[in-house]
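The residues making up each chain are set out below.
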Amino acid sequence: TVAIRLKFKEDELYETSLKRIKNSVLKTQKYQDYPFYKLLHDIQYENDPSRSSLFDIMLVIVQSNITEKKSPLENTVLGKINKKKVRSKVDLTFFIKESNGLIETQIVYNLDLYTNSVSDKLYAEFETLLITISENNNLTIGNYIDEIRDLSEKVEQNEFSELLNETLGEDF
């Protein structure tokens, strides 16, 4: 486990962000043998037992075929959410695995913080982000945020309309 702090800039192009993040990750790899508990001790981090140390969200990426050279989402199909009941060590963990030309995804979340409906919404937004990036990687981070926000608002409006129609249908 390597702890990396990343900041996203809304006006930065996705490709620029990706290069900056890649460089940051490569630089931190030289510290991967430094034990995480020792890092916490060395910075004199005061642990709150109700929270994870230093981070709330974790992204785990597993590549099964690293020799294959293609764009991560090129000719692939996103897997469906896997909703296993697992005790989460952090607030939210996104697992991504590339296998046989497919991208499999799983979200594990803290049941004390998130409900199934919130998890479903997060997954839908995550899926939208991956699809949008695979279709056009020349946008800014802010553009992707707007795209997700627009889709979320449309989904919520549709759900509200359906609920309203059902309610009105029952009354008339």
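So, here is what we can say about the structure in this document. Small disclaimer: the values here were computed from a predicted structure and weren't measured. (Residues numbered from 1 in each chain as written. Predicted model: local features only at pLDDT ≥ 70, side-chain atom pairs only at ≥ 80, totals over all residues. Heavy atoms only, no water.)

Concerning the sheet that holds strand β1 (residues 57-63)
Taking strand neighbours across the sheet as the criterion, the three strands line up as β1-β2-β3 in an open arrangement whose pairing is mixed. Two strands in the sheet have a free side with no partner beyond their single neighbour: β1 and β3 (102-109). Shown here is a sheet whose adjacent strand axes are inclined to one another by a mean of 15°, direction ignored. Examined bridge by bridge, β1 and strand β2 (residues 92-99) share seven bridges and lie parallel to one another. Note that in β2 the partner of Val60 across the bridge is Phe95. (Pairing = 2+ DSSP bridges. Helix = DSSP H or I, 4+ residues; strand = E, 2+ residues; numbered from the N terminus. Axes fitted to C-alpha atoms, helices over the stretch in contact; angles between N-to-C directions.)

Notes on the packing of aromatic side chains
In this description, an aromatic ring pair is defined by two values, namely the gap between the centres and the angle between the planes. Scanning the model with the defined rule gives three aromatic pairs in all. For the pair Tyr14 and Tyr144, a centre-to-centre distance of 5.8 Å together with 80° between the ring planes defines the contact as edge-to-face. Separated by 130 residues along the polypeptide, Tyr14 in helix α1 (residues 14-28) and Tyr144 in helix α4 (residues 141-171) bring together distant segments of the chain. With 4.6 Å between their ring centres and 35° between their planes, Phe94 and Phe126 make a pair best called tilted. Of the two residues, Phe94 sits in strand β2 while Phe126 sits in helix α3 (residues 116-135), which places them 32 residues apart along the sequence. (Phe/Tyr/Trp six-rings, centres within 6.5 Å; stacked < 30°, edge-to-face > 60°.)

A closer look at a nonpolar patch on the surface
The grouping of Ile4, Leu6 and Phe8 at the surface amounts to a nonpolar patch, some 260 Å² of accessible area in total. Along the chain, the position of Ile4 falls in the segment before α1. Taking the relative accessible area as the measure of exposure, Ile4 reaches 32% and is therefore partly exposed. (Patch = residues over 30% accessible without salt bridge, like charges linked within 9 Å, V, L, I, M, F, W, Y side chains within 5 Å. Areas by Shrake-Rupley, 256 points an atom, 1.4 Å probe, with all protein chains shown as cover. Salt bridge = Lys/Arg side-chain N within 4 Å of Asp/Glu carboxyl O. Buried < 20%, exposed > 50% of the residue type's maximum accessible area, 1.4 Å probe, protein only.)

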